[in-house]
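# Working through the structure, step by step
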Amino acid sequence: MNFAIVVRSGPLASEGSRSALRFARAVLNSGHSLERVFFHGEGTYNASSLTVGPQDEDDLTAAWAELGRQHDLDLVICVASALKRGVLDDSEAERYEKAGGGNMRPEFVISGLGQLADAALRVDRLVTFGG
Amino acid sequence: MNFAIVVRSGPLASEGSRSALRFARAVLNSGHSLERVFFHGEGTYNASSLTVGPQDEDDLTAAWAELGRQHDLDLVICVASALKRGVLDDSEAERYEKAGGGNMRPEFVISGLGQLADAALRVDRLVTFGG
Amino acid sequence: MTHLLFHLRKPPHGSSAGEEAVEAILATSVFEPTLTVLFEGDGVLQLLARQQAGALGVRDVAANWTALPVYEVEDLRVHEPSLRQRGLSPADLILDVTLIDDAQMTALIAQVDQILAF
Amino acid sequence: MTHLLFHLRKPPHGSSAGEEAVEAILATSVFEPTLTVLFEGDGVLQLLARQQAGALGVRDVAANWTALPVYEVEDLRVHEPSLRQRGLSPADLILDVTLIDDAQMTALIAQVDQILAF
Amino acid sequence: MATLHLISKSPSASDALAACLRVLAEDDAILLIEDGVYAALAGTATSQTLAGIASALAADIEARGIQERLEAGIDRVDDHGFVDLCTRCDRVMSWF
Amino acid sequence: MATLHLISKSPSASDALAACLRVLAEDDAILLIEDGVYAALAGTATSQTLAGIASALAADIEARGIQERLEAGIDRVDDHGFVDLCTRCDRVMSWF
């Protein structure tokens, strides 16, 4: 079965991102397909490359990136949400003249809400976390 | 009278940061003193220099920075909260080997929770926004 | 045809959920699915008339919603018990909506393919 | 001497409020103020015994609270009606606390200089 | 020794207001801010309890379009009134 | 055409569970996750309503130390059981 996940909370504000990550692992381990993880609103904070995690907790931004690498996942952050929150890839950083480049982990891509709509229309199950 | 403000929400997650900003302006306009604004937990996101605000809304990170400049305010972000969320000044960015430098606006300073304790013990009124 | 339900249960201003929902609905409407927007709980407050957003220096969220019919998103349903619980009536709302009760909401949920929660 | 009240009304795990409160309390204790920690509403759930944080791969929040007496933060009060409302009793908690009722909470609030809310 | 209680959440999104009312002292004041102002909607379960006790922040009322739907006895306070309330009370307690 | 309802907030922090129960269809399922699992605490106002209807996510129960305080009739489900529930139902509805 095809799944898509929507993440609507940051890595620390509520438990939504952590639940979504565990659910994503369980979907993959169950032999299902995970078509896309769409990070919307506060969820875009999960893509930050500047987080410094304490050693006794896992850093969710790093954990998402790691899962994305292992399974070649489509991790999409919503451009409208991300710009307002200061999560930028290098090309957005250049466009808005932010010296020093972007702060998005390379395992994520920044794109529009069409990616959410496309997922909602294609997959068998859409599951939203962290409102 | 001496005030201190604690901000516990980011610029977009809840209305706390916006309320705190309006309250800060009212404190200053009323002739009171604003000793410190302490950004704790999610509140540390307010210091991001990478936010790109839509034109028809004010960008709260820019608005805090502007108010800080005008009134020489002590805008402190909690180091423990900020590191986990990927809000770093240049020296923290260097320490944790993040290329491209930090992403904290220069009107803010990054410091420890002693600054919250110190404010709580010194001021006449401590007001917390955005839990 | 795929039937999508957008479910709003957050009030305006207190969070960015309302704006994010409007943007997502408009982006989705381009694909021309069957599309229903459901306002329930505090979500009914999104549609209150006379919201003066200038007071907070923010965008007028209620006005955002008026863009929906322009983009032919016209199946807007409001959970009437939520409205009544808040001392409000349909005359207080900025858009023409279909009022639904609990049983009709139950039937609506059972009928859609996916639900997007805000 | 300045009397500070730390007021917890968020449960553990669902947000970082509990950790932030513990850190703030310990940082404040260095200044040796009069310091009271009040657990009320869902905040009483912070102190539940047998929390197995490993299940979520997170720090053990309940264990964080046990550091308080070590740093001589010993005035811990739990709003008993909040505990009862959740089907819990003092025996379920990880620390020795003082139970207070509504009237005692009212009196506590009136007696402190500043309140830090989590 | 009065306390100013700040309520910033809707009654649907937090038990903060109910919890505050349990422990309110006689000379305390409540100020509804942000989504907390929805508790002042006339004809609702909470609003009648608040008449004469609570006030509500003007900017938040107007932004939400409830300026003509307030329960009688709940005063409007502007941002400077908010600061004044803080100075007239002895401490400020925020409930989330 | 059953729906899986996800409840992720404590009953003190959201009316989500109460709202969900109003519109629950006969063959629907409820899964309590995150702070939503506190609704399963035995002897509380909500928990008895949930017996036989709701299950709760094991990791969230254990993290919160309520594994021995669950209302009878509320099953524990692990992460794979969560995925199975999604496949057995026709859609997933998240309530915040």
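Refer to the structure above for everything that follows.
Notes on the structure follow. (Residues numbered from 1 in each chain as written. Chains lettered and ligands numbered in written order. Predicted model: local features only at pLDDT ≥ 70, side-chain atom pairs only at ≥ 80, totals over all residues. Heavy atoms only, no water.)

## A few points about the overall build of chain C
We count it as follows: Under the DSSP-based scheme used, a helix requires at least four consecutive residues in state H or I and a strand at least two consecutive residues in state E, with every element numbered from the N terminus. Radius of gyration here is computed from C-alpha atoms only, and the compact-globule reference equals 2.2 Å multiplied by the residue count raised to the power 0.38. By the convention used here, residues are in contact when the closest approach between their heavy atoms is within 4.5 Å.
Across its full length, chain C holds 5 helices and 5 strands. Its helices and strands in sequence order give chain C the pattern β-α-β-α-α-β-α-β-α-β, from N to C terminus. For chain C, the C-alpha radius of gyration of 14 Å lies close to 13 Å, the compact-globule estimate for 118 residues. With the principal axes as the frame, chain C shows a C-alpha extent of 40 × 30 × 20 Å. Pairs at least 24 apart in sequence give 75% of the contacts found in chain C among residues at least 6 apart.

## Structural notes on the interface of chain A and chain B
Just so we agree on the cut-off: A quick way to say it: buried area is the sum, across both parts, of accessible area lost when two parts are put together, with a 1.4 Å probe. Put simply, a salt bridge is a Lys or Arg side-chain nitrogen that is within 4 Å of an Asp or Glu carboxyl oxygen. Polar contact criterion, stated in full: a pair of N or O atoms within 3.5 Å, where within protein one must be able to donate a hydrogen and the other to accept it, and residues adjacent in sequence count only if both atoms are side-chain atoms.
Contact with chain A, which involves 22 residues of that partner, is made by 22 residues of chain B. Carbon and sulfur atoms supply 63% of the area that chain A and chain B bury against each other, a total of about 2,000 Å² over both sides. For the interface between chain A and chain B, the tally reads 0 salt bridges. For the pair chain A and chain B, the number of links is 8 residue pairs in polar contact (both at pLDDT 80 or more).

## Here's the deal with the sheet that holds strand E3 (residues 76-79) of chain D
Residue and element names in this part refer to chain D. Inclusion rule: In this analysis, strands are considered paired if DSSP registers two or more bridges between them. Where helices are involved, their axes are fitted lines through C-alpha atoms of the stretch in contact, as for all axes, and angles between N-to-C directions lie from 0 to 180°.
Taken together, 5 strands build an open sheet; the order of strands is E4-E3-E2-E1-E5 and the sheet is parallel. This sheet does not close on itself; its edge strands, each paired only once, are strand E4 (98-100) and strand E5 (114-117). The average angle at which neighbouring strand axes cross in this sheet is 25°, direction not considered. Pairing geometry for strand E2 (residues 34-39) and E3, over 3 bridges, is parallel. Its bridge partner being in E3, Val37 is matched across the sheet by Leu76. Strands in contact with helix H5 (residues 102-111) are strand E1 (3-8), E2, E3, E4 and E5; relative to E4, the strand with the most contacts, it is inclined by about 105°.

## Side note on the packing of aromatic side chains
Aromatic ring pairs are described here by two measures, namely the spacing of the ring centres and the angle between the planes. All names here are of chain D. Defined as follows: Stacked, edge-to-face and tilted labels apply to pairs of Phe, Tyr and Trp rings (six-membered ring for Trp) whose centres lie within 6.5 Å, assigned for plane angles under 30 degrees, over 60, and everything in between, in that order. When a residue's accessible area, from a 1.4 Å probe over protein chains only, is under 20% of the maximum for its type it is buried; when over 50% it is exposed; and in between it is partly exposed.
This model, assessed by the stated rule, comprises 17 aromatic pairs over all chains. Their ring planes at 75° and their centres at 4.9 Å tell us that Phe39 and Trp65 sit as a pair that is edge-to-face. Here Phe39 is found in strand E2, whereas its partner Trp65 is found in helix H2 (residues 61-65), with 26 residues between them in sequence. Residue Phe39 shares its accessibility class with Trp65, and that shared class is buried.

## With respect to the pattern of salt bridges
Tallied over the entire structure, the rule returns 51 salt bridges over all chains. A:Arg22 is the partner of F:Asp79 in a salt bridge, and the nearest nitrogen-oxygen pair spans 2.9 Å. Pair noted here: F:Asp79 is in helix H4 (residues 79-88) and A:Arg22 is in helix H1 (residues 16-29), and the two residues belong to different chains. An identical accessibility class is assigned to F:Asp79 and A:Arg22; each is buried. A salt bridge links D:Glu80 to D:Arg84; its shortest N-O distance comes to 2.8 Å.

## Some words on the arrangement of the chains
For the 12 pairs of chains in contact, the largest share of contacts goes to chains A and B. The least C-alpha distance between chain B and chain F, which are not in contact, is 12 Å.

## Brief notes about the side chain of A:Ser17
Along the polypeptide, A:Ser17 turns up in helix H1. In this structure, A:Ser17 is in contact with A:Val7, A:Ser9, A:Gly10, A:Pro11, A:Asn46, A:Leu60 and A:Trp64, ignoring residues within four places of it in sequence.

## Examining helix H1 (residues 17-29) of chain D
Test applied: A helix is expected to span 1.5 Å multiplied by its residue count minus one.
With 13 residues, H1(D) should cover 18 Å at 1.5 Å per step; its first-to-last C-alpha distance of 18 Å lies within 8% of that length. Most of H1(D) is tucked away, with 11 of its 13 residues classed as buried. Along H1(D), the positions that sit buried rather than exposed are D:Ala17, D:Gly18, D:Glu19, D:Glu20, D:Ala21, D:Val22, D:Ala24, D:Ile25, D:Ala27, D:Thr28 and D:Ser29. Summarising the contacts, the buried residues of H1(D) are in contact with helix H3 (79-85) and helix H5 (114-122) of chain B together with E1, E2, H2 and helix H3 (67-70) of chain D.

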